[in-house]
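Examination of the molecular architecture
Next come the chains, spelled out residue by residue.
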Amino acid sequence: KQEVTQIPAALSVPEGENLVLNCSFTDSAIYNLQWFRQDPGKGLTSLLLIQSSQREQTSGRLNASLDKSSGRSTLYIAASQPGDSATYLCAVSSNTGKLIFGQGTTLQVKP
Amino acid sequence: DTAVSQTPKYLVTQMGNDKSIKCEQNLGHDTMYWYKQDSKKFLKIMFSYNNKELIINETVPNRFSPKSPDKAHLNLHINSLELGDSAVYFCASSLRQTGNYEQYFGPGTRLTVT
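First things first, this report covers the structure right here in the doc.

Basis of the calculations
Residues numbered from 1 in each chain as written. Chains lettered and ligands numbered in written order. Predicted model: local features only at pLDDT ≥ 70, side-chain atom pairs only at ≥ 80, totals over all residues. Heavy atoms only, no water. Disulfide = S-S within 2.5 Å. Helix = DSSP H or I, 4+ residues; strand = E, 2+ residues; numbered from the N terminus. Buried < 20%, exposed > 50% of the residue type's maximum accessible area, 1.4 Å probe, protein only. Polar contact = N/O pair within 3.5 Å; in protein donor to acceptor, adjacent residues only side chain to side chain. 1 Å grid on protein atoms, 1.4 Å probe; cavity = no way out; pocket = protein on both sides within 12 Å on 5 of 7 lines; lining within 4 Å. Points joined across faces, edges and corners; volume = space filled by probe spheres on them. Nonpolar A, V, L, I, M, F, W, Y, C, P; charged D, E, K, R; others polar.

Here the focus is the state of the cysteines. Residues and elements named next belong to chain A. A complete count under the given rule lists two disulfides over all chains for this structure. Residue pairing for Cys23: its cysteine sulfur links by disulfide to Cys90, the two sulfurs lying 1.9 Å apart. For the disulfide bridge between Cys23 and Cys90, the dihedral angle about the S-S bond is near -55°, and by the sign convention the bridge is left-handed. Highlighted residues: Cys23 in strand 3 (residues 19–25) and Cys90 in strand 9 (residues 86–93), separated in sequence by 67 residues. Among the residues examined, Cys90 registers a relative accessible area of 0% and is labelled buried.

Written out as structure tokens, the structure is:
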């Protein structure tokens, strides 16, 4: 049974710092991995999707990596800003499109 | 333009009632999903429909019945509501069921059962 774990559960950093969020999964037979952002009281916004054959994806200040064999992914946020404060969710997909989510990392970036 | 919309945004009701949540997507996607986010913010899939056909049906009480009148709509009907049904329910869609397609989420419906 696939399980997804995100560490840390919460993170507080000063503005401008580079940071890394971690995601691990127990079954390496994934189709892809998605990183989402969730603001309080809002829905999820897709940030990056990494296909199982890819090693990383980049979008602006965000870079996500995937090591399928070790069951790990990281989301790197460069030069963090207060507007980056949100909960970041990692989810792995099976070939049926079913997403299995981690518990999320709640990030606070202090001005 | 809203891509995935849900109504209502908030729903407060008493135990034993029957209620429905509606979802619509204007993205032309084939596949739609319902997820439940509990009080600990954990998101779990409930159902998935592909071109109006049920694809995924997780271990969900049969009080929950999804209905897809067309591929742009996936509604969730809940009978005999219980306190434990209180949660935020998210609808999502993707272009296809299989393949590397992102899922787009609606804003959520916060259901409170008293």
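So, on to the side chain of A:Asn63. All names here are of chain A. The residue Asn63 is located in strand 7 (residues 62–67) in this model. For Asn63, a relative accessible area of 18% puts it in the buried group. At 2.8 Å, the side chain of Asn63 and the side chain of Glu56 are in polar contact.

Per the counting criterion, the structure on display carries one cavity of 30 Å³ or more. For the largest cavity, the calculated volume is near 80 Å³. Along the lines of polarity and charge, the residues of the lining of the largest cavity split into four nonpolar, 11 polar and one charged.

On to unusual backbone geometry. Each neighbour pair has its own omega, and for A:Ile7 with A:Pro8 the value is 0°, a cis peptide bond. Tracing the chain through its elements places A:Pro8 in the loop between strand 1 (4–7) and strand 2 (10–14). Backbone torsion omega between B:Thr7 and B:Pro8 reads -5°, so that peptide bond is classified as cis. Within the element layout of this structure, B:Pro8 appears in the loop between strand 1 (4–7) and strand 2 (10–13). Of note, the phi angle at B:Lys41 is positive, near 70°, even though the residue is not glycine. Mapped onto the elements of the fold, B:Lys41 is located in the loop between strand 4 (31–37) and strand 5 (43–50). A relative accessible area of 49% places B:Lys41 in the partly exposed class.

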